[in-house]
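# Commentary on secondary and tertiary structure
Here is what each chain is made of, one letter per residue.
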Amino acid sequence: MTISKLAVKSNKRIELIDITARVQALISKKGIRQGLCIVYCPHTTAAVTINESADPSVRQDIINKLNELVPENGNYLHAEGNSDAHIKSSLLSCSVAVPISNGQLLLGTWQAIYFCEFDGPRNREVIVKLIRDD
Ligand code: ZN
């Protein structure tokens with residue numbers, strides 16, 4: 001299968017952006033019924049994660065706790081001034097894999113796929129690799 005890219009534009013320095021519907025639209029467009037969806041973030045100051053979509057407070061709690069653990073201004077060596085963003089990126093992940101069943105992402109009821117911006121606002125991209133198993 002081909003590799004798809006989604007353009008993601010962040011509007012804040014730190015932000016979790018729900019990309020679930022856009023990933024699902026790619027699966028539907030390619031007509032994949034059974035398989036695996038890999039969502040990959042090719043950036044060193046961003047990440048992808050899966051977490052709750054129902055209560056937006058969860059997203060804010062994640063951001064608040066990451067900021068508490070890894071403050072923007074700290075005793076960092078990296079001269080670019082965005083060390084916290086690099087560390088936050090590594091604390092989460094650069095990829096997630098979700099099974100596809102009956103043409104749908106097999107996410108839990110409350111789960112969504114988030115692009116995690118840690119050094120925005122920027123124009124970013126997310127790579128989506130779809131593996132057909134039907
Ligand atoms: Zn940097």
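Scroll up for the structure.
Residues numbered from 1 in each chain as written. Predicted model: local features only at pLDDT ≥ 70, side-chain atom pairs only at ≥ 80, totals over all residues. Heavy atoms only, no water.

## Describing the sheet that holds strand E8 (residues 123-132)
- Here we have 5 strands laid out as an open sheet, ordered E1-E8-E3-E5-E6, and antiparallel in their pairing. Bordering the open sheet on either side are strand E1 (3-9) and strand E6 (104-105), each of which pairs with just one other strand.
- Across 2 bridges, the pairing between strand E5 (residues 95-101) and E6 is antiparallel. Across the sheet, Ser101 pairs through a bridge with Gln104, a residue of E6.
- Along the sheet, helix H1 (residues 20-30) makes contact with E1, strand E3 (35-40), E5, E6 and E8, crossing E1 at roughly 155 degrees. (Pairing = 2+ DSSP bridges. Helix = DSSP H or I, 4+ residues; strand = E, 2+ residues; numbered from the N terminus. Contact = heavy atoms within 4.5 Å. Axes fitted to C-alpha atoms, helices over the stretch in contact; angles between N-to-C directions.)

## Quick word on the sheet that holds strand E7 (residues 111-117)
- Spatial strand order, E2-E7-E4: 3 strands in an open sheet with antiparallel pairing. The strands lining the two open edges of the sheet, one partner per strand, are strand E2 (15-18) and strand E4 (46-52). The average angle at which neighbouring strand axes cross in this sheet is 35 degrees, direction not considered.
- As paired elements, E2 and E7 share 4 bridges and run antiparallel to each other. In the sheet register, Leu16 faces E7, and the bridge partner there is Cys116.
- Running at roughly 145 degrees to E2, helix H2 (residues 56-69) makes contact with E2, E4 and E7 of the sheet.

## Quick word on the pattern of salt bridges
- Summed over all chains, the structure comprises 8 salt bridges.
- Between Lys5 and Glu125 there is a salt bridge, and its shortest N-O distance comes to 3.9 Å. Taken as a pair, Lys5 in strand E1 and Glu125 in strand E8 lie far apart in primary sequence, 120 residues in all.
- Note on Glu125: relative accessible area 28%, which makes it partly exposed.
- One salt bridge connects Glu117 with Arg124, and the closest N-O pair in it is separated by 2.7 Å.
- One salt-bridge network, in which partners are shared between bridges, spans Arg13, Glu72, Asp84, Lys88, Asp119 and Arg122. (Salt bridge = Lys/Arg side-chain N within 4 Å of Asp/Glu carboxyl O. Buried < 20%, exposed > 50% of the residue type's maximum accessible area, 1.4 Å probe, protein only.)

## Structural notes on the side chain of Asp119
- Tracing the backbone through its elements, the reader meets Asp119 in the loop between E7 and E8.
- According to the relative accessible area criterion, Asp119 is buried, its value standing at 15%.
- A distance of 2.9 Å separates polar atoms of two side chains, one belonging to Asp119 and the other to Asn82. (Polar contact = N/O pair within 3.5 Å; in protein donor to acceptor, adjacent residues only side chain to side chain.)

## Details of the nonpolar core
- Judged by nonpolar contacts, the single largest core of 22 residues is most densely connected at Ile19, Val23, Cys37 and Val39.
- Counting only elements with at least two residues in this core, the list comes to E1, H1, E3, E4, E5, E7 and E8.
- Grouped together as the second largest cluster of nonpolar side chains are 10 residues, Ile14, Ile63, Ala112 and Cys116 included. (Core = buried A, V, L, I, M, F, W, Y, C linked by side-chain atoms within 4.5 Å.)

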